[in-house]
Amino acid sequence: MQYRMKKFQLTSEQIDALLHDAKTGSFATINENGYPYAVGMHFIYFNNKIYLHGLPKGQKIDNIKRNSKVCFEVNELIGLLIANDDNPCNTNAEYNSVVILGNASLVEDINYKGEVLNKLVEKYTPEFIGKELPSNMVKGTAVIEIDIVECTGKYYK
């Protein structure tokens, strides 16, 4: 672990708070040529797992089916810390970040998919809480579950 990581590590409570509050994260898979493929996505942190949703076809789905190892990252830029010495190199960022390594799979259970999608509705469009999701939309939406293998968080202030 990097020195900075040891000194500026988020607590598990701070990690949970950031994962619950952050609106987007970067989801990275490995493509067929062995290169990382990262895309920004909406997500929820639920039952100690990360859940994402999207189209049931595409590069991220193909990548998951080929190699379940993934990375998910969330960050929050709080502001810039500008030194009073007129040296732009002494500017730093105040931030919180979480990096998750895990294994991704597609949720197949239709009832659980619906539960996860309703949690996404609660987070992003609370005005629609309680409205039934159309079954064809639930069936036609891919829900990705990330089982967390390793989770680290750091901050700088």
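Residues numbered from 1 in each chain as written. Predicted model: local features only at pLDDT ≥ 70, side-chain atom pairs only at ≥ 80, totals over all residues. Heavy atoms only, no water.

1. Brief notes about the pairing of strand β6 (residues 92–106)
Now for step 1: Note that strand β5 (residues 69–81) and β6 share 12 bridges and pair antiparallel. By the bridge assignment for β6, Lys69 is matched with Asn103.
Now for step 2: Strand direction decides the pairing type here: β6 and strand β7 (residues 142–156), joined by 12 bridges, are antiparallel. Across the sheet, Asn96 pairs through a bridge with Tyr155, a residue of β7. (Pairing = 2+ DSSP bridges. Helix = DSSP H or I, 4+ residues; strand = E, 2+ residues; numbered from the N terminus.)

2. Section: the pattern of salt bridges
Now for step 1: Enumeration according to the criterion identifies 2 salt bridges in this entry.
Now for step 2: Here Lys49 ties to Glu145 by a salt bridge, and the two come within 3.6 Å at their closest N and O atoms. Of this pair, Lys49 sits in strand β4 (residues 49–54) while Glu145 sits in strand β7; the two residues are 96 residues apart in sequence, bridging distant segments of the chain.
Now for step 3: Look at Lys49 and you get partly exposed, because its relative accessible area is 23%.
Now for step 4: In this structure, Lys49 and Asp147 form a salt bridge, with 2.9 Å as the shortest nitrogen-oxygen distance. (Salt bridge = Lys/Arg side-chain N within 4 Å of Asp/Glu carboxyl O. Buried < 20%, exposed > 50% of the residue type's maximum accessible area, 1.4 Å probe, protein only.)

3. A closer look at the side chain of Lys60
Now for step 1: The topology assignment puts Lys60 in helix α3 (residues 59–66).
Now for step 2: We note that Lys60 is buried and unpaired, the nearest opposite charge coming from Asp62 at a distance of 10 Å.
Now for step 3: Not counting residues within four places of it along the chain, the set of residues in contact with Lys60 comprises Phe27, Thr29, Tyr37, Val39, Met41 and Ile144. (Lys, Arg positive; Asp, Glu negative; His and termini not counted. Contact = heavy atoms within 4.5 Å.)

4. Considerations on the packing of aromatic side chains
Now for step 1: Inspection of every chain in the model, using the stated rule, returns 6 aromatic pairs.
Now for step 2: With a centroid separation of 5.5 Å and an interplanar angle of 90°, the aromatic rings of Phe8 and Tyr155 are classed as edge-to-face. Placement of Phe8 in the loop between α1 (3–7) and α2 (12–21) and of Tyr155 in strand β7 is noted, with a sequence separation of 147 residues between them.
Now for step 3: Ring pairs connect the aromatic residues Phe8, Tyr155 and Tyr156, which therefore count as one cluster.
Now for step 4: Positioned above the aromatic ring of Phe43, the side-chain terminus of Lys123 is 3.9 Å from the ring centre. (Phe/Tyr/Trp six-rings, centres within 6.5 Å; stacked < 30°, edge-to-face > 60°. Lys NZ or Arg CZ within 6 Å of the ring centre and 35° of its normal.)

5. Here's the deal with the environment of Ala93
Now for step 1: By the element assignment, Ala93 lies in strand β6.
Now for step 2: Given a relative accessible area of 22%, Ala93 falls into the partly exposed group.
Now for step 3: Sequence-distant contacts of Ala93, that is, excluding residues within four places in its chain, are made with Leu77, Gly79, Leu80, Leu81 and Tyr156.

Geometry only, nothing functional implied.
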